[in-house]
Amino acid sequence: MFVSEALKINSQGHLEIGGCDCVELAKEYGTPLYVMDEGLIRKNCRTYKNAMDNYYNGNGLVLFASKAFCTMAICRIAQQEGLGLDVVSGGELYTAIKAGFPMDRVYFHGNNKTLDEINMGIDNNIRRFVVDNREELDRINDIAAQKGKVVNISFRIKPGIDAHTHDFIQTGQIDSKFGVALENGEAFEIVKYAASLKNVKVIGVHCHIGSQIFDLAPFELAAKVMIEFISKLKNELGIEIDELNLGGGFGIKYINEHDPIEYDHYIESVSKVVKSLCEDRKIKLPFIVMEPGRSIVASAGITLYTIGAVKDIKNVRKYVSVDGGMTDNPRYALYQSPYDAVIANRPDAVRCDTVTIAGKCCESGDLLIKDITMPEMKSGDILAVLATGAYNYSMSSNYNRIPRPPVILVKDGTARVIVKRETYEDIIRNDIMPEDL
Ligand code: LLP
């Protein structure tokens, strides 16, 4: 009935997540409120880890792409479930460090890592820098030399596959700020150059072909293209690549029309392609890395809001406003992303009314869901927007000086706060009033 298996209707007739009544949660913690189901997060982690064990003899590592939802608690969960971590900034790395995450399972991504970030990664002995460009390569090599270290790196490659169109295409992806391209020889040249440097060691190659993808085929093709590249590096340069990182991007169910593939199928099908091609090209099987973000946390999360104004503009549109909006979920404003929602205090009420759920920001584009069929809604109802666990909290802002909601983790009927609600004091924390003003 719901887009996420984390949800059900309890004996009170209320929406329930992780054994907790959403109406009670809203009462106790206030709204807006992010709620994350710990059990489902752990289950998703295990699905990926087991797939790597079953289909590729455990010769790989699944990373949680922390950009999807980065807090200290989620780092701990990923650690306990045996996952590694993909970080893309000093802030994400700092969160992992503070959570006590093992640094030998951390991969540092990003197309423009700063000197500070490179220093931080090297000083903390992270497992891998995923190098994006020539300037960064030189910087890492120089800084490693100053520190008397040799740093293990892989390269972000543009494999020329765009999986964002429904019938994915294999061309054109050269126009991207990320990585080095295969098709113009840039990728080959940078690996060759890196092999001549003393303070970096080339371990792997990486690609990431997009996000919210529902097909296996683009991943299989990416694996094929990357193995061909590994084979070329071996044959033409004598460079052996130990690790193949195929990124993340596995689609999830936001609305009923979405039909995602079981997550373990990605690792299953990619493993097959890699095994058969490696045998054929006579190259050793690489260690495989995958980096799911969204598919680990999205369906585990919901956001609870209280409904305020209901504005029925006859023959135009009915706006139902909530006490949050683009500040806690900017994904409709940014990408027109679809979401489903239910009324937490009567989730099985008949859907009979087309409404647009709007936020409270001073911005016409501040909508959460446009034209959704919902039951009759009134001020004071608790609205749950579903599948908000990925790229919501992590992309939230303080626009209009709105404090960020807290995040609570629910499991077996208990709730734990993992991020506190921001206060107005937090909002002005970094403001300085010059004395002479
Ligand atoms: N690895 C790399 C190198 C990536 O760039 C990403 C996502 C991932 C892994 C994880 O992808 P996932 O499994 O989560 O799809 N803010 C956008 C999504 C941006 C994704 C950026 N990179 C959104 O809200 O849809």
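None of the values given here were measured: they were computed from a predicted structure.

Some remarks on the overall build of the chain
Link 1 in the chain: Check the secondary structure of the chain and you find twelve helices and 21 strands.
Link 2 in the chain: Relative to its length of 437 residues, the chain is compact, with a C-alpha radius of gyration of 23 Å against a globular reference of 22 Å.
Link 3 in the chain: Projected onto its principal axes, the C-alpha coordinates of the chain cover approximately 70 × 60 × 40 Å.
Link 4 in the chain: Across the 437 residues of the chain, 54% fall into the buried class.
Link 5 in the chain: In the chain, the share of contacts with a sequence separation of at least 24, taken over all contacts with a separation of at least 6, comes to 68%.
Link 6 in the chain: Of the accessible surface of the chain, which amounts to about 19,000 Å², a share of 48% is contributed by carbon and sulfur atoms.
Link 7 in the chain: Here the chain contributes 50 positive and 59 negative side-chain charges, whose respective centroids are spaced 3 Å apart.

Examining the site of the ligand
Link 1 in the chain: Contacts to the ligand come from 18 residues, most closely from Ser-211, Glu-291, Arg-294, Arg-331 and Tyr-391.
Link 2 in the chain: Side-chain polar atom of Ser-211 to an oxygen atom of the ligand: 2.3 Å apart, as the coordinates give it.
Link 3 in the chain: Protein chains shield 86% of the accessible area of the ligand, which is 590 Å² for the free molecule.
Link 4 in the chain: Among the residues making up the shell around the ligand, the classes are represented as five nonpolar, seven polar and six charged.
Link 5 in the chain: Viewed by domain, the shell around the ligand spans two of them, domain 1 (7–30 + 299–428) and domain 2 (38–296), each represented by three or more residues.

Section: the pattern of salt bridges
Link 1 in the chain: What the rule picks out here adds up to 27 salt bridges.
Link 2 in the chain: Two residues, Arg-46 and Glu-81, come together in a salt bridge whose shortest N-O distance is 2.7 Å. Of this pair, Arg-46 sits in helix H2 (residues 38–56) while Glu-81 sits in the loop between helix H3 (72–80) and strand S6 (84–87), and the two are 35 residues apart along the sequence.

Some details on the sheet that holds strand S2 (residues 15–17)
Link 1 in the chain: Taken in spatial order, the three strands line up as S1-S2-S3 in an open sheet, and their pairing is antiparallel. Strands at the two margins of the open sheet, each flanked by one partner only, are strand S1 (7–9) and strand S3 (20–21).
Link 2 in the chain: Judged from the three bridges that link them, S1 and S2 form a sheet pairing that is antiparallel. In the sheet register, Ile-9 faces S2, and the bridge partner there is Leu-15.

A look at the state of the cysteines
Link 1 in the chain: Going through the model one piece at a time under the given rule, you end up with zero disulfides.
Link 2 in the chain: Left unpaired, Cys-45 is separated from the closest cysteine sulfur, that of Cys-75, by 11 Å.

A look at unusual backbone geometry
Excluding glycine, a negative phi dihedral is what most residues carry, and trans is how most peptide bonds are arranged.
Link 1 in the chain: Omega for the bond connecting Thr-31 with Pro-32 falls within 30 degrees of zero, at -10°, which places this linkage in the cis form.
Link 2 in the chain: At Gln-336, a position not held by glycine, the phi torsion is positive, near 55°.
Link 3 in the chain: With respect to the secondary-structure elements, Gln-336 resides in the loop between helix H11 (331–335) and strand S16 (341–343).
Link 4 in the chain: Not every positive phi belongs to a glycine, and Tyr-391 is a case in point at roughly 55°.
Link 5 in the chain: When you line up the elements, Tyr-391 lands in the loop between strand S19 (382–386) and strand S20 (407–411).

Remarks on the side chain of Arg-156
Link 1 in the chain: Mapped onto the elements, Arg-156 comes out in strand S9 (residues 151–158).
Link 2 in the chain: For the buried Arg-156, no salt bridge exists, and the shortest N-O distance to an oppositely charged side chain is 5.3 Å, to Asp-132.
Link 3 in the chain: If we ignore the near neighbours within four places in the chain, the residues touching Arg-156 are Val-130, Val-131, Asp-132, Phe-178, Gly-179, Val-180, His-206 and His-208.

A few points about the packing of helix H6 (residues 134–146) against helix H7 (residues 186–195)
Link 1 in the chain: Where H6 meets H7, the axes come as close as 11 Å, and the angle between the chain directions of the two elements is 15°. Here H6 lies roughly parallel to H7, going by the angle between them. Between H6 and H7 the crossing geometry is right-handed. Counting all contacts with H6, which are made through Arg-134, Leu-137 and Asp-138, the residues of H7 involved are Ile-190, Tyr-193 and Ala-194.
Link 2 in the chain: Tallied by class, the residues present in the contact of H6 with H7 amount to four nonpolar, no polar and two charged.

Side note on the domain arrangement of the chain
Link 1 in the chain: Taken as a whole, the chain is organised into domain 1 (7–30 + 299–428) and domain 2 (38–296).
Link 2 in the chain: For domain 1 versus domain 2, the distance between C-alpha centres works out to 33 Å.
Link 3 in the chain: Of the residues lining the interface, 19 residues belong to domain 1; the matching set on domain 2 comes to 18 residues.
Link 4 in the chain: Across the interface of domain 1 and domain 2, roughly 1,700 Å² is buried in total on both sides, 63% from carbon and sulfur atoms.
Link 5 in the chain: Inspection of the domain 1/domain 2 interface yields one salt bridge.
Link 6 in the chain: Linking Arg-416 and Glu-38 is a salt bridge whose minimum nitrogen-to-oxygen distance equals 2.7 Å.
Link 7 in the chain: Linking domain 1 to domain 2 there are five residue pairs in polar contact (both at pLDDT 80 or more).

Focus on the packing of H7 against helix H8 (residues 217–237)
Link 1 in the chain: Relative to each other, H7 and H8 sit at 50°, their axes nearing to 11 Å. With respect to each other, H7 and H8 are oriented oblique. Once H7 is placed against H8, the crossing between them reads as right-handed. In this structure, H7 uses Ala-187, Phe-188, Val-191 and Lys-192 to contact H8, whose residues at the interface are Phe-229, Lys-232, Leu-233, Glu-236 and Leu-237.

Things to note about helix H5 (residues 115–123)
Since the α-helix advances by 3.6 residues per turn, residues separated by three or four positions end up pointing in the same direction.
Link 1 in the chain: Those residues of H5 not exposed but buried are Glu-117, Ile-118, Gly-121 and Ile-122. Angular distribution of buried residues about the axis of H5 spans 130°; they occupy a single face of the element.
Link 2 in the chain: With its phi angle positive at about 55°, Asn-125 sits one or two positions after the end of H5.

The rules behind these values
- Residues numbered from 1 in each chain as written.
- Predicted model: local features only at pLDDT ≥ 70, side-chain atom pairs only at ≥ 80, totals over all residues.
- Heavy atoms only, no water.
- Helix = DSSP H or I, 4+ residues; strand = E, 2+ residues; numbered from the N terminus.
- Rg over C-alpha atoms; globule rule 2.2 N^0.38 Å.
- Buried < 20%, exposed > 50% of the residue type's maximum accessible area, 1.4 Å probe, protein only.
- Contact = heavy atoms within 4.5 Å.
- Areas by Shrake-Rupley, 256 points an atom, 1.4 Å probe, with all protein chains shown as cover.
- Lys, Arg positive; Asp, Glu negative; His and termini not counted.
- Charge placed at Lys NZ, Arg CZ, Asp CG, Glu CD.
- Near = heavy atom within 4 Å.
- Polar contact = N/O pair within 3.5 Å; in protein donor to acceptor, adjacent residues only side chain to side chain.
- Nonpolar A, V, L, I, M, F, W, Y, C, P; charged D, E, K, R; others polar.
- Domains from an automatic or database assignment.
- Salt bridge = Lys/Arg side-chain N within 4 Å of Asp/Glu carboxyl O.
- Pairing = 2+ DSSP bridges.
- Disulfide = S-S within 2.5 Å.
- Axes fitted to C-alpha atoms, helices over the stretch in contact; angles between N-to-C directions.
- Parallel < 35°, antiparallel > 145°, perpendicular 65-115°, else oblique.
- Left-handed = near helix turned anticlockwise from the far one by under 90°.
- Buried area = accessible area lost by both parts, 1.4 Å probe.
- Arc of directions from axis to C-beta.

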